[in-house]
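Chain and residue survey
So the chains spell out like this:
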2 protein chains.
Amino acid sequence: MNLLLLHPEQHLEGPFWRLDARQCEHVRQVLKLSEGDQCRAGVLDGEIGFARLDSIKNNEITVFFKAVSPPPPPLDLNLLLALPRPKMLKRLLVDAASLGIKRIVLINSWKVDKSYWRTPNLKAGLLREKLLLGLEQAMDTRLPELRLAPRFRPFVEDELDTWAGPGERLLAHPGDHADLPHQQEGPLTLAIGPEGGWTPFEVELLAGHGFHCHRFGTRILRVETALPALVGSLMRLP
Amino acid sequence: MNLLLLHPEQHLEGPFWRLDARQCEHVRQVLKLSEGDQCRAGVLDGEIGFARLDSIKNNEITVFFKAVSPPPPPLDLNLLLALPRPKMLKRLLVDAASLGIKRIVLINSWKVDKSYWRTPNLKAGLLREKLLLGLEQAMDTRLPELRLAPRFRPFVEDELDTWAGPGERLLAHPGDHADLPHQQEGPLTLAIGPEGGWTPFEVELLAGHGFHCHRFGTRILRVETALPALVGSLMRLP
């Protein structure tokens, strides 16, 4: 937690905010702050700055928040991600949020195990929690917009164009394709397939909606390794 | 496991090899192969090709291995990594090996918790196991060379120059530095600090040994996110 991320329901009045239980523990156990000390803080979807410990009473900590600057610029990249295994999903959401990705669709694919769609991890609250962890890590405040697309074809045919908007659309796919472009300006939409890759039908449908296949080396990487490597390769991190 | 990685002690005679318990389970449970079926395989530090199931008897599986091609080219990057938290370390080694990194030093730093050097994860066998998982993931056979440097200054002053050899030396460090270069050819040496970063003394000592500080965006990334992002940004993946 590099940033105390203050949520609207924590607002008291004026510049005063009440920390939640996890933040209290962090402030006490990790940062070991006393009254008057300060640390980095930000307001969800708002500015970042400093929180000065105003009072510690019983189990309640109130802080005085002072905004200093806008959050870091977002990464101008939309991520279309085949729903990964539940264990990976958590990490990928933290990573995606910390890298500055602001628009994510988790989509079905032939090779996505059906059971992944029934996992408790897909509850909105848990997804949001992982995204918040990524923001706290990267000292960002803007919550990514996350959608689930449990049916591949309807999403690609009916919604993808609007969702992805303008800009290049890329698919990292093994085979005899051009190398992945580098240092793009954005906007970009990046599609990352499931373990085992997209099926030929899926690649064709994505290609029909403006996605170009690119080669990204010869190695098979785990999705959680591939995502930051692809982002680092494609774009200049803001 | 995208590759059955055959170790010297598994060699029987001629083209025949015996699978170990983990490989047997993978072949039976995941790949569900029968006699005569084949899958990707490689010989540790040797070529990659195919293994054809020769016989399944009791709990023993023997395969006929046919070499087809050399393993994928290595990434011409040396990694100087401040010893991460034990849980992260495992993942980082798998990632580093799957990305094709072949030379790794785990080094001490002021902000590395002393207890990390006493963790059972640092046993040579466990480190090697994680590197092997990375090779199996990326269908590579060349085991990275891994060294531990529990004392920062002696390693940097006495051994770093020889270890790193020629080529650019880079340090991703927050501050007013040039942006990280892109698409380098290598050889490169990349230094990644601990959570909280290198101390000014450490940065100075590394700078005295040819390391240049570079900016890599404004976000604070976890080491396991930063490593693939930095590698993807710095080099063209082979």
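Structure first, text after, so check above.
A brief look at the structure comes next. Worth saying up front: this structure is predicted, and the values here are computed from it rather than measured.

1. Let's talk about the interface of chain B and chain A
Accessible area lost during the coming together of the parts is what is often quoted as the interface size. At the junction of the two partners, chain B supplies 33 residues and chain A supplies 33 residues. A buried area of about 2,900 Å², summed over both sides, lies between chain B and chain A, and 52% of it is on carbon and sulfur atoms. Of all residues in chain B, R219, I220 and R222 of chain B bury the most surface against chain A, accounting for 25% of the area lost on that side. Residue D140 of chain A is joined to R219 of chain B by a salt bridge in which the shortest nitrogen-to-oxygen separation is 3.1 Å. Linking chain B with chain A are 16 residue pairs in polar contact (both at pLDDT 80 or more), by the criterion used here. Among the elements of the structure, helix 2 (86-99), helix 3 (124-138) and helix 6 (223-234) of chain B are those that each provide at least two residues to the side of chain B that touches chain A. With 6 residues, the single largest contributor to the side of chain B that touches chain A is helix 2 of chain B.

2. Re the sheet that holds strand 1 (residues 4-6) of chain B
Residues and elements named next belong to chain B. Spatial ordering of the open sheet is given by 1-3-4-5-2, a layout of 5 strands whose pairing is mixed. Single-partner strands in this sheet number two, and they are strand 1 and strand 2 (16-18). Each strand axis lies, on average, 45° off the axis of its neighbour in the sheet, ignoring direction. Taken together, the 3 bridges between strand 1 and strand 3 (residues 38-43) define a ladder with parallel strand orientation. Bridging from a neighbouring strand, L6 pairs with V43 of strand 3. Of the strands in this sheet, strand 1, strand 4 (48-57) and strand 5 (60-69) are in contact with helix 1 (residues 21-30), which crosses strand 1 at around 150°.

3. Overview of the packing of helix 4 (residues 152-164) of chain A against helix 5 (residues 200-208) of chain A
All names here are of chain A. It is the contact of helix 4 with helix 5, at a shortest axis distance of 10 Å, that shows an interaxial angle of 5°. The angle between helix 4 and helix 5 falls in the class roughly parallel. Between helix 4, through F152, R153, V156, E157 and L160, and helix 5, the contact on the second element is made entirely by F201, E202, L205 and L206. Classifying every residue of the contact of helix 4 with helix 5 gives 6 nonpolar, no polar and 3 charged.

What counts, and at which threshold
Residues numbered from 1 in each chain as written. Chains lettered and ligands numbered in written order. Predicted model: local features only at pLDDT ≥ 70, side-chain atom pairs only at ≥ 80, totals over all residues. Heavy atoms only, no water. Contact = heavy atoms within 4.5 Å. Buried area = accessible area lost by both parts, 1.4 Å probe. Salt bridge = Lys/Arg side-chain N within 4 Å of Asp/Glu carboxyl O. Polar contact = N/O pair within 3.5 Å; in protein donor to acceptor, adjacent residues only side chain to side chain. Helix = DSSP H or I, 4+ residues; strand = E, 2+ residues; numbered from the N terminus. Pairing = 2+ DSSP bridges. Axes fitted to C-alpha atoms, helices over the stretch in contact; angles between N-to-C directions. Parallel < 35°, antiparallel > 145°, perpendicular 65-115°, else oblique. Nonpolar A, V, L, I, M, F, W, Y, C, P; charged D, E, K, R; others polar.

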